[in-house]
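Structural characterization, general
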Amino acid sequence: MKKMGRQVRDRLAAVGRTDLAPEAHGLVLSSFKELRKQDVIAVFSATEDRDDTIWMPGSMLATIRRAGADHNLDELVVHLIREYGAAPLFGDKRFVRYRRERERELPDGMARITTIEYMTPIPTSNRRRALCLTASYGAPTTVPADDERLEAYELAFDAMVSTLRWIPPEAAASSGS
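Okay, so let's go over this structure. (Residues numbered from 1 in each chain as written. Predicted model: local features only at pLDDT ≥ 70, side-chain atom pairs only at ≥ 80, totals over all residues. Heavy atoms only, no water.)

Section: the overall build of the chain
Summing up its helical and strand segments, the chain has five helices and six strands in all. Going residue by residue from the N terminus, the α and β elements of the chain occur as α-α-β-β-α-β-β-β-β-α-α. Here the chain holds 177 residues, and the buried ones make up 30% of them. Taking the contacts inside the chain whose residues are at least 6 apart along the sequence as the reference set, 51% of them involve residues at least 24 apart. (Helix = DSSP H or I, 4+ residues; strand = E, 2+ residues; numbered from the N terminus. Buried < 20%, exposed > 50% of the residue type's maximum accessible area, 1.4 Å probe, protein only. Contact = heavy atoms within 4.5 Å.)

This is the structure in structure tokens:
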């Protein structure tokens, strides 16, 4: 959180907008508070300004979803398919994927926030626990929803998630991972 706060301040200073630093600091604090409330276990976002950094207006969060005492997550997957049009990611039935859009008012105008949810069962959990990855990105509502850049962002998130591979704990320990 502190590192991200410094990076935001530095970026604002680089563009001569130090006046926005207090508001940005508040946004960073509230974001981390919300992450803790949602039991987020990892955040994936471009934060380091390096030559190989790919900047996207989005991020991905990881959480663990747990089934109730008397059922596994199959009922949830059926619900996601029926209500949200969830489907396998690139035809891979290990991942269920669905997306939502909402509009949000910002100081500079309206933005369309796209959220893509991915869920895959955790091996050996009998489908009672799943890794959930939530990718989000935003764009001004003046940019068409089918803009090729937005489609590229979505394809990039899909491609990243599709690379997920589970490593058995014994193999991870012996390889030093």
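Overview of helix H4 (residues 148-162)
Given a rise of 1.5 Å per residue, 15 residues ought to cover 21 Å, and the 21 Å separating the end C-alpha atoms of H4 matches this to within 8%. Burial in H4 covers these residues: Leu-150, Glu-154, Phe-157, Asp-158 and Val-161. Down the axis of H4, the buried side of the element spans an arc of 100°, and every buried residue falls inside it. If you follow the buried residues of H4, they end up packed against strand S2 (58-66), strand S3 (87-89), strand S4 (92-106), strand S5 (109-121) and strand S6 (129-140). One side-chain oxygen at the N-terminal end of H4 lies 2.8 Å from the backbone nitrogen of Arg-149; it belongs to Asp-147. (Expected span 1.5 Å × (residues − 1). Arc of directions from axis to C-beta. Polar contact = N/O pair within 3.5 Å; in protein donor to acceptor, adjacent residues only side chain to side chain.)

Points about the sheet that holds S2
Taking strand neighbours across the sheet as the criterion, the six strands line up as S1-S2-S6-S5-S4-S3 in an open arrangement whose pairing is antiparallel. Strands with a single pairing partner mark the edges of an open sheet, and in this sheet they are strand S1 (42-44) and S3. The average undirected angle you get between the axes of adjacent strands in this sheet is 35°. Sheet analysis places S1 next to S2, joined by three bridges and oriented antiparallel. Bridging across to S2, Val-43 finds its partner in Leu-61. Docked against the sheet, helix H3 (residues 74-84) engages S2, S4 and S5, running at close to 50° with respect to S4. (Pairing = 2+ DSSP bridges. Axes fitted to C-alpha atoms, helices over the stretch in contact; angles between N-to-C directions.)

Side note on helix H1 (residues 2-14)
Over its 13 residues, H1 runs 18 Å from end to end, which matches the ideal 18 Å to within 8%, given 1.5 Å per residue. Listed as buried for H1 are Gly-5, Gln-7 and Leu-12. When H1 is viewed along its axis, its buried side chains cluster within an angular range of 160° and face the same direction. In H1, those exposed residues whose orientation departs by more than 90 degrees from the buried face are Lys-2, Asp-10 and Ala-14. Backbone geometry just downstream of H1 places Gly-16 in the positive-phi region, at approximately 70°.

The values are spatial; any link to function lies outside them.
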